Amino acid sequence: MAAALSRALKLPGKKGSELGEYDPLTQADSEDESEEDDLVLNYPRNGLGRSNCLGTASSDLRGNRSGRLVGGEDEAEEEEEDEWRERLPSKSRQDRDDMKGMQYWSQRDTGRDRVGEDGGGPGASGGAGVGANGTDVDGKRKRMRGTIRAAFFLVPLFCATLLVLLCAFLIPCQKGELDKQPQWETALGDGGVVPPPALALWDVDGDSVDDVLLGDTKRTNDTHPIQGNKVYSAVALSAITGQVLWRRFMREPVNYIQCGLQCEGHPVRLPAGGAALRAYPETAPLPRASGPVCLLVGRMVLTAVNGTTGDKFWSVTLEKIASQAVLLPDLQGDTVPDLLIVTMPMDEASDLSLILLSGLTGAILGHPVPFNLTGQGKPMGPLLHETQQGAYYILFGKGTVEAVSLRDIYIRATSKMPITQALRQKDPSWEKLKKTNSSALIHIYSGKDQVDLLPLVAGFGNNHNNLDTVSNLNSTKSDRFLVYSSSKLSVLRERDTHKEWSLSSAPIHSRPAPGHFNDDGIPDLLIQHSANGIRKVQIIDGASGHILWAEEFLCPHLVLEASSIATTTGLSAFLFWASEPIRTQKNITKATVAPGVPVIRKLFLLHPAYPTVLVQLASTTDTAVTAAVSYQEHHNGASYITVSSRPTTDSEPGAQVVKSLSLRAAISKGELVRLRESGKARGPVKPSDFEVNKFFRHLSFKRQVRGGIRLKYMHSLLKVL
């Protein structure tokens, strides 16, 4: 058959051979092709399905096949040729060879298909079946190993993912106390107390957050009270929880609380000859304080207590005290700042007096220094001011604004010259303002109405005149003064006390709040005045006196000064109380509230970046009587502390409620209130709510400190020493 195929395909090197011929090349090709044919057509018998693993079956088959090919090749070819000649007698030999080739290839393809379907033909139940089973077992083992490897990888990954999800969503993160601290409320004493209770902020428990100190008044039901039917005390509240840290009972109401007097530490080393300057007063048996010192200023008694425990350090009894204490440079050389206070005689008919006190012991230095003032009204000040020449002056008055050199006060009180060169200085530009050389007073300002004075410093008043040196240097070195009355504002230059601008307005019912509304570096002023049931809020440019912002609201029937808060943007945010804004400002001359309907008072925040948008932080029917701003410097946050009188349903007096409000938390939950939306917006495009919310939620706060203030403090301390 191989020869026939060779002739049919006309393979080179092969030619038709008659019976009995032997061609070595043809024979070799025929043997090779026969082996291929047997391997394909006799697949089940070629030993691939053997069970003896390439044993005797292969060799036997190979030997048998060789014998068959050698012995019977010629006979097979002749018989095959005869069969094809009988089938196709009319065909030539060439045609018969072509037909043979076609049949061969057809049978070969059919055999391959049968092998694929039967899986080994007759020998499937033998060695071929065993091989297939072995292959299946190996495949199962491989699949099992792959499954196990995948399980070892996926199970820990799933567990780790589940743990992360539990920590992130199901288990709440433990927030620090500093993040939770601003949200608390505490009821203390009785509401409706006139004047408003004293309020101060200072860190007295060492947690880096300003705590709350205030005066408390409670009514008692004692039938035989020693001090009437009221009990007075000073209370310190934790800024974290609002719990009472300590309480100190007093014999009289606490009018002012001031903290930050530094009395701890050892005396610094003085220059040569300084040992003689360390002569403490003979009334100094107490050691130096080991913690923050707070002053409790009553009607006649001034008491210094330990801010951490409330224990008394010293106390001094004076005539009627008419002012807060003013922090002075060290006058005695004991490295502790001293104090100045204003007193009035009991009949208030004679002149006021300035009294110097030792900050270490409370002893009076020398004797009171009286001044004859011609003005009328309540005392104003006092304030300490340091001029550009480094001279110290005390600003005070009674219906007017006067100034006197600290050097002259010390000489008149002690009949001695100040011990340091800095305290001996005078400023020529201020001294020439004296009307006569014999008078110690320097006239600064006078008006028709009762006037008041404050340094034009952003955030002044938010710390409630604490006695720390850095805060006081921030205010004593101001470049401008604000003199205001009930209907007029004036700004004076520090260097020559000349008036820069003046503005007349409707009656102002609270102290202006200085802050930065623009970026000119000069603090601007937020003022409030009410008339006919309408509250008008304005921001005045501190450099020119022009109105930068104004809006009208329904009157909240509330007299409370606004606050300004320094932000990391360089500008200030302003806080003020009002009712609903009056959106249509035409034809409104009077707004009233129906009788019996409670007045809703709202706390608004204004930032100059979006002057047409207010953030409503709170809404209440309580009557706030005093407020202050506390900073959390480590978190760039701030809290708004309010003392309010909460109304009751019966005739009993309302409760006094102290509340701490986190500004960040209030902003995140606050409501946006748009002002003048129709045509009066400053920007060309009205900002979207998303943009405004994003800005306010990223707003951070910081304590207002002028640049280089700490260097100035060190320089001033060196001059004093």
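Bear in mind that the values here come from a model prediction, so they are computed numbers and not experimental data.

1. Concerning the overall build of the protein
Here is step 1 of the chain: Helix and strand counts for the protein stand at 12 helices and 34 strands.
Here is step 2 of the chain: Split into buried and exposed, the 721 residues of the protein put 46% on the buried side.
Here is step 3 of the chain: Here the analysis covers contacts within the protein between residues at least 6 apart in sequence; of these, 58% occur between residues at least 24 apart.
Here is step 4 of the chain: Summed over its atoms, the accessible surface of the protein is roughly 37,100 Å², and 54% of this surface lies on carbon and sulfur atoms.

2. Details of the pattern of salt bridges
Here is step 1 of the chain: All chains considered together, the criterion is met by 12 salt bridges.
Here is step 2 of the chain: For the salt bridge of K477 with E386, the shortest nitrogen-to-oxygen distance reads 2.8 Å. You can see K477 sitting in the loop between α9 (469–476) and β20 (480–484) and its partner E386 sitting in strand β15 (residues 379–386), a full 91 residues away along the chain.
Here is step 3 of the chain: Each of the salt bridges in this network shares a partner with another, and the network as a whole consists of E185, D622 and R646.

3. Notes on helix α7 (residues 406–414)
Here is step 1 of the chain: Buried residues of α7: L406, D408, I409, Y410, A413 and T414, and no others.
Here is step 2 of the chain: The backbone nitrogen of R407 lies 3.2 Å from a side-chain oxygen of the residue at the head of α7, namely S405.
Here is step 3 of the chain: Among the residues trailing α7, S415 stands out with phi positive, at a value near 60°.

4. Considerations on the sheet that holds strand β27 (residues 563–566)
Here is step 1 of the chain: As summarised here, the arrangement of the 5 strands in space is β27-β28-β29-β30-β34, forming an open sheet in which the pairing is antiparallel. Looking at which strands have only one partner, the edges of the open sheet turn out to be β27 and β34 (671–674). Geometrically, the sheet is characterised by an average inter-axis angle of 30° between neighbouring strands, direction not taken into account.
Here is step 2 of the chain: Alignment of strand β30 (residues 613–620) against β34, held across 4 bridges, turns out to be antiparallel. Within the sheet, the bridge partner assigned to L614 lies in β34 and is V673.
Here is step 3 of the chain: Against the sheet, helix α11 (residues 689–697) engages β29 (601–606), β30 and β34, with an angle of about 120° to β34.

5. Remarks on the state of the cysteines
Here is step 1 of the chain: In this structure the tally under the stated criterion is 1 disulfide.
Here is step 2 of the chain: Disulfide pairing is shown between C259 and C294; the S-S distance is 2.1 Å. Between C259 and C294 the disulfide shows an S-S torsion of about 110°. By sign, it is right-handed. Note that C259 is positioned in strand β6 (residues 256–261) and C294 in strand β7 (residues 293–297), a separation of 35 residues in sequence.
Here is step 3 of the chain: Its relative accessible area of 0% is what places C259 among the buried residues.

6. Brief notes about a positive patch on the surface
Here is step 1 of the chain: Together, R141, K142, R145 and R149 make up a region of like positive charge exposed at the surface.
Here is step 2 of the chain: Here R141 shows up in helix α5 (residues 127–170).

7. Overview of the pairing of strand β22 (residues 499–504)
Regular strands place their side chains on alternate faces of the sheet.
Here is step 1 of the chain: Summarising the sheet, strand β21 (residues 488–493) and β22 pair through 5 bridges and their orientation is antiparallel. From the neighbouring strand, L492 faces β22, where its bridge partner is K499.
Here is step 2 of the chain: A loop of 5 residues connects β21 with β22, the two strands running antiparallel in sequence, and T497 in this loop sits at a positive phi of about 60°.

8. Observations regarding a nonpolar patch on the surface
Here is step 1 of the chain: A surface patch of nonpolar side chains, about 340 Å² in accessible area, is lined by M144, I148 and F152.
Here is step 2 of the chain: Structurally, F152 can be placed in helix α5.

9. Here's the deal with unusual backbone geometry
Here is step 1 of the chain: A cis geometry characterises the amide bond from G381 onward to P382, with omega recorded as 0°.
Here is step 2 of the chain: Counting through the fold element by element, P382 comes out in strand β15.
Here is step 3 of the chain: The phi dihedral of S415 is positive, around 60°, even though this residue is not glycine.
Here is step 4 of the chain: Residue position: S415 is located in the loop between α7 and α8 (428–431).
Here is step 5 of the chain: The exposure class assigned to S415 is exposed, which follows from its relative accessible area of 64%.
Here is step 6 of the chain: For H557, which is not glycine, the phi dihedral falls at a positive 55°.

10. A few points about the confidence of the model for the protein
Here is step 1 of the chain: With 67% of its residues at a pLDDT of 70 or more, the protein shows a mean pLDDT of 76.
Here is step 2 of the chain: The weakest mean pLDDT in the protein belongs to helix α12 (residues 709–720) at 39; the strongest belongs to β29 at 95.
Here is step 3 of the chain: Note on residues 174–181: pLDDT is under 50 here. Beyond four places in sequence and across chains, it has 13 contacts.
Here is step 4 of the chain: Scored below 50 in pLDDT, residues 678–683 makes 8 contacts in the model with residues more than four places away or belonging to other chains.

11. Topic: the sheet that holds strand β2 (residues 199–202)
Here is step 1 of the chain: Reading across from one edge, β2-β3-β4-β5 is the order of the 4 strands in this open sheet, with antiparallel pairing throughout. In the strand order of this sheet, the two ends are held by β2 and β5 (244–250), each with one partner. Averaged over all pairs of adjacent strands, the angle between strand axes in this sheet comes to 25°, irrespective of strand direction.
Here is step 2 of the chain: When strand β4 (residues 230–237) meets β5, the two strands line up antiparallel, connected through 6 bridges. Note on β5: the bridge partner recorded for V235 is R247.

12. A look at the packing of aromatic side chains
Here is step 1 of the chain: Under the criterion given, the structure shown has 10 aromatic pairs.
Here is step 2 of the chain: Measuring from ring centre to ring centre gives 5.3 Å for F695 and F696, while their planes differ by 80°; the resulting arrangement is edge-to-face.
Here is step 3 of the chain: For F695, a relative accessible area of 22% puts it in the partly exposed group.
Here is step 4 of the chain: By way of ring pairs, the aromatic residues W549, F553, F576 and F604 are connected into one cluster.
Here is step 5 of the chain: Over the ring of F371 we find R412; its NZ or CZ atom is 4.9 Å from the centre of that ring.

13. What about the environment of P196?
Here is step 1 of the chain: Assignment of secondary structure puts P196 in the loop between β1 (184–190) and β2.
Here is step 2 of the chain: Along the sequence, P196 and V643 sit 447 residues apart, while their C-alpha atoms lie 8.7 Å from each other.
Here is step 3 of the chain: Excluding its chain neighbours within four sequence positions, the residues that come into contact with P196 are V625 and T626.

14. Some remarks on the nonpolar core
Here is step 1 of the chain: Core analysis: the largest hydrophobic core is formed by 27 residues, its most contacted members being L617 and Y640.
Here is step 2 of the chain: Of all elements in the fold, only β27, β28 (572–578), β29, β30, β31 (623–632), β32 (637–646), α10 (663–669) and α11 reach the threshold of two or more residues within this core.
Here is step 3 of the chain: Looking at which element gives the most residues to this core, the answer is β31, with 4 residues.
Here is step 4 of the chain: Discounting chain neighbours no more than four positions away, the residues touching Y640 are L560, S563, L575, W577, L603, A627, A628, V629, K659, S660, L661 and L663.
Here is step 5 of the chain: Counting residues in each nonpolar core, the second largest holds 25 residues, with L328, L340, M344 and A413 among its members.

15. So, the side chain of Q616
Here is step 1 of the chain: Turning to its location among the elements, Q616 is positioned in strand β30.
Here is step 2 of the chain: Once residues lying within four places of it in the same chain are set aside, the contact partners of Q616 are K602, L603, F604, G670, E671 and V673.

The rules behind the values
Residues numbered from 1 in each chain as written. Predicted model: local features only at pLDDT ≥ 70, side-chain atom pairs only at ≥ 80, totals over all residues. Heavy atoms only, no water. Helix = DSSP H or I, 4+ residues; strand = E, 2+ residues; numbered from the N terminus. Buried < 20%, exposed > 50% of the residue type's maximum accessible area, 1.4 Å probe, protein only. Contact = heavy atoms within 4.5 Å. Areas by Shrake-Rupley, 256 points an atom, 1.4 Å probe, with all protein chains shown as cover. Salt bridge = Lys/Arg side-chain N within 4 Å of Asp/Glu carboxyl O. Polar contact = N/O pair within 3.5 Å; in protein donor to acceptor, adjacent residues only side chain to side chain. Pairing = 2+ DSSP bridges. Axes fitted to C-alpha atoms, helices over the stretch in contact; angles between N-to-C directions. Disulfide = S-S within 2.5 Å. Patch = residues over 30% accessible without salt bridge, like charges linked within 9 Å, V, L, I, M, F, W, Y side chains within 5 Å. Lys, Arg positive; Asp, Glu negative; His and termini not counted. Charge placed at Lys NZ, Arg CZ, Asp CG, Glu CD. pLDDT = per-residue confidence, 0-100. Phe/Tyr/Trp six-rings, centres within 6.5 Å; stacked < 30°, edge-to-face > 60°. Lys NZ or Arg CZ within 6 Å of the ring centre and 35° of its normal. Core = buried A, V, L, I, M, F, W, Y, C linked by side-chain atoms within 4.5 Å.

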